[in-house]
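A look at the structure
Each chain is listed here by its residues.
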Amino acid sequence: MILRDKVGLITGSAQGIGRAYALGVAREGSKVVVADLADGSGTVKDIVSGGGDALLVRVDVGDESSVAAMIETTVEHYGRIDYVVNNAGVYGSLTPQDWDSIPTDEWNTTMRVDVHGQYLVCKNASSIMKAQGGGKIINMSSFLAHVGAEGGVHYGASQAAIIGMSRALARELGKFGINVNVVTSGLTMTDASLGIIERSGMSSVVDKIVDAQCLKRPQQSEDLVGSIVFLASKYSDFITGQVLNVDGGLVLY
Ligand SMILES: NC(=O)c1ccc[n+]([C@@H]2O[C@H](COP(=O)([O-])OP(=O)(O)OC[C@H]3O[C@@H](n4cnc5c(N)ncnc54)[C@H](O)[C@@H]3O)[C@@H](O)[C@H]2O)c1
C-alpha cells in the first residue's frame, strides 16, 4: 500500500473520475477527503465499508471562503494534507456549440470553476504544505488542451490554462518542497461524457476516438487511477512541472 497513512484531498469525488480516484487511493492506504459541490456520501460510504478512512466535505471550489473552510476542516480532522487532486470541474453540463455563440455566463462559469477553482485550492492547500515542509498537487486537465476541438472553445481554453498555471506554480512552489503536476485525460466513459455524447447526437465520436488511439478500447475512469497514485506517492518525488497524458495513445505528447 504505497500511500499508507497519507492524507489526500480530492475535489469532485462524488462521482465519475474523482470517485474512482478516491476509491483507488483509499485502496493504497490513503486517508481521503471527498470534497464536492454534490453529495459525496456514497463515495465515503464505499471507502469506509472497504476498511478505509474518508471525510466528507461540501465545497464550491470557485468560492474562496468555501475552499478555505475545506482546508481548515481537513487539517482539523487529519492534521495535514500530503496531496491534493484538483479534479472538480464544469464538464458534464456543457453541450458542444459554435465557438462564437457561447453565452458569456457559461464561459465565465467554466473559467471560474475549472481554472480559478484549481488556483484557489492550490493557494489554500499550499500554505499548509509549506508549513509542513512539502506536499504534492495534481491538477486534472484534458487531451483537448493538446489537440483543440470544435464545439468547446471555452472548455479547451480552460484546460490549456490549467497546464500553463501548473507549470508556473511548479516554479513558484518547488523551493517549498511542493510538486505540481498535471494529468491530461482522454475521452473517458463517465456519466458526464455519456450525457454530452447523447445530448449532442455524437455517438460515433467514441468509435472515432478509439480508432485514433494506439490502444483500441474506450477509456474508463479506472485507467487514470494509477497516474494519481504514482504522482501522490514517493515514487514521483523528483517529478514536477510535468504533464502526464493518460489517453491510450490518442495524443503522443
Ligand atoms: N470525462 C472525460 O472524458 C474527461 C476528459 C478530460 C478531463 N476531464 C476532467 O476530469 C474531471 C472529472 O470529469 P468527469 O467526467 O468525472 O465529470 P463529472 O461531471 O462526473 O465530475 C465533476 C465533479 O466535479 C464536481 N463539481 C462541479 N463543480 C464544482 C464546484 N464548483 N465545486 C466542487 N465540485 C464541483 C461535480 O459535482 C462532479 O462531482 C473534470 O474536471 C473534467 O473536466 C474529463
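Now for a look at the structure at hand. (Residues numbered from 1 in each chain as written. Predicted model: local features only at pLDDT ≥ 70, side-chain atom pairs only at ≥ 80, totals over all residues. Heavy atoms only, no water.)

Moving on: the site of the ligand. Inspection of the region around the ligand gives 27 residues, with Asp36, Asn87, Tyr155, Thr188 and Thr190 positioned closest. In this structure, an oxygen atom belonging to the ligand sits 3.5 Å away from a main-chain N or O atom of Gly89. At 3.5 Å from an oxygen atom of the ligand is found a main-chain nitrogen or oxygen belonging to Gly186. With the chains in place, 93% of the 820 Å² that the ligand exposes on its own is no longer accessible. Elements that contribute at least two residues to the shell around the ligand include exactly α1 (16-27), β5 (135-142) and α7 (191-200). For the shell around the ligand, the per-class residue count stands at 12 nonpolar, 13 polar and two charged. (Near = heavy atom within 4 Å. Polar contact = N/O pair within 3.5 Å; in protein donor to acceptor, adjacent residues only side chain to side chain. Areas by Shrake-Rupley, 256 points an atom, 1.4 Å probe, with all protein chains shown as cover. Helix = DSSP H or I, 4+ residues; strand = E, 2+ residues; numbered from the N terminus. Nonpolar A, V, L, I, M, F, W, Y, C, P; charged D, E, K, R; others polar.)

Take the sheet that holds β5 next. In a beta sheet, neighbouring strands pair by backbone hydrogen bonds and run either parallel or antiparallel. Strands sit in the order β3-β2-β1-β4-β5-β6-β7 across an open sheet of seven strands; the sheet is parallel. What marks the edges here is a single partner per strand, and that holds for β3 (54-58) and β7 (243-246). Going across the sheet, the axis of each strand differs from the next one's by a mean of 20 degrees, ignoring polarity. Across eight bridges, β5 lies against strand β6 (residues 178-185) in parallel orientation. Looking at β6, one finds that Met140 is bridged to Val183. Its contacts with the sheet place helix α4 (residues 104-132) against β1 (7-11), β4 (83-86), β5 and β6, and it is angled at close to 180 degrees to β4. (Pairing = 2+ DSSP bridges. Axes fitted to C-alpha atoms, helices over the stretch in contact; angles between N-to-C directions. Contact = heavy atoms within 4.5 Å.)

Turning to the environment of Asp207, a few remarks are in order. The residue Asp207 is located in helix α8 (residues 204-212) in this model. A residue is classified by how much of its surface remains accessible, and Asp207, at 58% relative accessible area, is exposed. Sequence spacing of Asp207 and Gly135 is 72 residues, and the spatial spacing of their C-alpha atoms is 39 Å. (Buried < 20%, exposed > 50% of the residue type's maximum accessible area, 1.4 Å probe, protein only.)

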